[in-house]
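# Summary of the model geometry
Letter by letter, the chains look like this.
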Amino acid sequence: MSEAISLAEAASHRDPEVGLAAVTALRQMLEQLEALQVKAAREDGWTWERIADALGVTRQSVHRKYASRRFPGRRRT
Amino acid sequence: MTRRAGPGRDPIRSRLLAAAGAEADRARHGYVGCEHLLLALLTDKDPAAREILASNSISLPAARAAVADVISSGRGDGPPWNAADLLATLGVDLPAIQRQMRADYGPHAIDELYRSPVGRRLPWGPLCGPQMAPGLKKALFGNEGRDSFPTSAHALLSLTDADSAGLAAVLASLGSSPELVGLAVKERLRQAG
């Protein structure tokens, strides 16, 4: 295990490989959290427009991203 | 029309995918790769691959230790760190977020996200578990003309053809190589007729 890399050590030296991988993980997590919340909002009867307003994006972009995923209670906006 | 192979049509593939994922989870690795597929073959109920590997002096405990060493040293097919550890470097407590999501949306909310309509096109990210490495996909789905692995030995042969640097490093640390294992599988299959 002598070659093993300590994550804490690498992070403390500001290793870009660690930093970029951490940002990638954060981005993936945000995508998944957003999907969870959008799904919950649709199940609660929110319109795409209201979801888009809450996310700070256009209705078209949120609709394009999620509407084809066959949500429960899907309806046209 | 060529029928596309898939895990749902092949019990061995389904078992191996599940077991490889479980091995990655167990070791808290950030991805599922060919290295984990080797471990899955060593735990599968079909003994064919396990026997071939044993004849090459490769056991489950030794292979697990080798996989852990290869991945932690950055020689695996994926990143050496898992999502929870990476996010901790940013001050983000992933297990706490996962606990909160389960509390808010049900105990299976996160596990089902990837399989749900909303998660269908999402990457296999931190909330849902380890990401599957391209090498593992190639090993499992590379032979589209064949629907199934008749035995785990056939799956092992496919794995040795996957061109995985991580697997090669694991086998090298166990005194073997994909080529040697592949030859052993072919010999066993030839003997079996």
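### Structural notes on the interface of chain B and chain A
Each partner contributes to the interface: chain B provides 30 residues, whereas chain A provides 25 residues. Counting only elements with at least two residues in the side of chain B that touches chain A, the list comes to α4 (60–72), α5 (83–88), α6 (94–105) and α7 (109–113) of chain B. No other element matches α5(B), which puts four residues into the side of chain B that touches chain A. Residue classes in the side of chain B that touches chain A are distributed as 19 nonpolar, seven polar and four charged.

### A look at unusual backbone geometry
Most peptide bonds are trans, and most residues other than glycine sit at a negative phi. Residue and element names in this part refer to chain B. At Arg28, a residue that is not glycine, the phi angle is positive and equals roughly 60°. Inspection of the secondary structure puts Arg28 in the loop between α1 (11–27) and β1 (31–32). Look at Asp163: it is not a glycine, yet its phi comes out positive at around 55°. On the secondary structure map, Asp163 appears in the loop between α9 (152–160) and α10 (165–173). The class of Asp163 is partly exposed, set by 13 C-beta atoms lying within 10 Å.

### Observations regarding the confidence of the model for chain A
Of all residues in chain A, 70% attain a pLDDT of 70 or more, and the chain-wide mean is 80. Ranking the elements of chain A by mean pLDDT puts helix α1 (residues 7–12) of chain A last with 67 and helix α3 (residues 48–55) of chain A first with 95.

### Quick look at the nonpolar core
One finds Leu37(B), Leu38(B), Leu156(B) and Val170(B) to be the most contacted residues of the largest nonpolar core, which totals 45 residues. With seven residues, helix α2 (residues 34–43) of chain B is the largest single contributor of residues to this core. Formed by 22 residues, the second largest nonpolar core is a distinct cluster that contains Val38(A), Leu86(B), Ile110(B) and Cys128(B).

Rules and cut-offs
- Within every chain, residues take consecutive numbers counted from 1 along the sequence as written.
- Here the convention is simple: chains get letters from A, ligands get numbers from 1, in the order in which they are written.
- Local features in a predicted model are, by the rule used here, given only for residues with pLDDT of at least 70; side-chain atom pairs are given and counted only at 80 or more, and totals for whole chains, interfaces and linings are based on all residues.
- Two residues form a contact once the distance between their C-beta atoms, set from the backbone, is within 7 Å.
- Runs of E in the DSSP output that reach at least two residues are strands. Runs of H or I that reach at least four are helices, and both are numbered from the N terminus.
- Think of it as three bins: nonpolar holds Ala, Val, Leu, Ile, Met, Phe, Trp, Tyr, Cys and Pro, charged holds Asp, Glu, Lys and Arg, and polar takes everything else, Gly as well.
- Three exposure classes are used, all based on how many other C-beta atoms lie within 10 Å of a residue's own C-beta (placed from the backbone): buried at 20 or more, exposed at 12 or fewer, and partly exposed between those limits.
- pLDDT expresses how confident the predictor is about each individual residue, on a scale running from 0 to 100.
- The nonpolar core is taken to be a set of buried Ala, Val, Leu, Ile, Met, Phe, Trp, Tyr and Cys residues joined by way of C-beta atoms within 7 Å.

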